[in-house]
Amino acid sequence: MAEVQIRRYREEDHEEVKEVFTIGMSEHIPPSCMHVLKQPLAQMILGCVFCALLTSSKSILLPVLAVTLLLAAGRQCISYMFTKYIQTSLDQDLNHIQQTYLDPPNACFWVAESQGRVVGTVGCLPAAKDENFLELKRMSIKKTHRGQGIAKALCRTVADFARERGYLGVMLHTSVVQTDAQKLYEHMGYQKIREFSAPEFIAKLTNFTLIEYQFIIKQDHN
C-alpha cells in the first residue's frame, strides 16, 4: 500500500481536486435512482402506467416501452440534480479554493496525496448557522483508495483544526443515499441532528433527504 500524506491544498492541486470531487459526486447517481425506485409513489406511478397501457393496448410491448421511457426520464432528472449540485459547488468555492478556504483565518482545505496524485479532499469553513461550529465540506476519496483510512484521517484533521481554534465542534451535511459516509461519520463520533428534504422539487417528490451531523470536540483541560 502506497503511503498517503495529508497536507494543505496548493494551487497546482486545483484540477485534480475538482476531478476527485466531480467523479465522487457522480457515483451517487445510481444509488439515488435505486432510492427513487423504492419509494411508494414511484412504484405506484410505474404500476398504474403499466396496467393502464396493458389493459388498453392488449399488448405487452407498449407498457414495457412506456415504463422504460419513464425510468430513463427519471434517471435524467436525478443526473440533472447532481450535475446542478456539482456546478453550484464549483461556482461557490471549488473554483477559487485559495480565496474561500486558505485566505480566511478560520478555514482550510486539505488533500490526501499518494504517489504524487490527489486521492482525497476535505475543507472546512465557519458554519453559517452556528458560529461555534466549523462546517466540514467537500469530503471525497477516490474509489481506488477507499478502505485505507484516508477519510478517517481527513475527519481527524478537520477536528484538530477546529480544536486548535477553540470551536465547540464540527457539523456537516450528507445525503440519505451516502450510506458509507453516514457509517464513517457515526464511527468517528458524529451525532445525527436532523433529517430534512433537499430543496429541489424532484427531491421533495422522491423523499430524497439530507442529514445533518454534529461532532462535539472534547477540549483538553490542563
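Nothing here was measured: the structure is a model prediction, and the numbers come from that model. (Residues numbered from 1 in each chain as written. Predicted model: local features only at pLDDT ≥ 70, side-chain atom pairs only at ≥ 80, totals over all residues. Heavy atoms only, no water.)

For the rest of this paragraph, the subject is the sheet that holds strand 7 (residues 209-216). Strand order in the open sheet formed by seven strands is 1-2-3-4-5-7-6, with mixed pairing between adjacent strands. Only two strands of the sheet have a single partner each, and these edge strands are strand 1 (4-8) and strand 6 (191-197). On average, each strand axis in the sheet is tilted by 25 degrees relative to the strand beside it, whichever way the strands run. Strand direction decides the pairing type here: strand 6 and strand 7, joined by six bridges, are antiparallel. Bridge pairing in strand 7 links K192 to Y213. (Pairing = 2+ DSSP bridges. Helix = DSSP H or I, 4+ residues; strand = E, 2+ residues; numbered from the N terminus. Axes fitted to C-alpha atoms, helices over the stretch in contact; angles between N-to-C directions.)

A separate point is the nonpolar core. Counting 57 residues, the largest nonpolar core has V17, F109, W110, L136, M139, Y185 and Y190 as its most contacted members. At eight residues, helix 6 (residues 150-164) tops the list of elements feeding residues into this core. Summarising the domain contributions, this core has at least three residues from each of domain 1 (27-89) and domain 2 (97-216). (Core = buried A, V, L, I, M, F, W, Y, C linked by side-chain atoms within 4.5 Å. Buried < 20%, exposed > 50% of the residue type's maximum accessible area, 1.4 Å probe, protein only. Domains from an automatic or database assignment.)

With that settled, the discussion passes to the UniProt feature "transmembrane region" (unreviewed entry) in the protein chain. Summarizing the sequence annotation, UniProt attributes the feature "transmembrane region" (unreviewed entry) to residues 44-72 in the numbering used throughout. Taken end to end, residues 44-72 has its terminal C-alpha atoms 17 Å apart, with 90% of it in helix and 0% in strand. (UniProt positions renumbered as here; feature names shortened; annotations may be inferred.)

Let's shift gears to the environment of T100. Along the chain, the position of T100 falls in helix 5 (residues 97-102). By relative accessible area, T100 is classed as buried at 17%. Remark: the alpha-carbon pair of T100 and G123, spanning 23 residues in sequence, is separated by 9.7 Å. Not counting the four nearest positions on each side in its chain, T100 is found in contact with Q92, D93, A107 and L125. A distance of 2.9 Å separates a polar atom in the side chain of T100 from the backbone oxygen of H96. (Contact = heavy atoms within 4.5 Å. Polar contact = N/O pair within 3.5 Å; in protein donor to acceptor, adjacent residues only side chain to side chain.)

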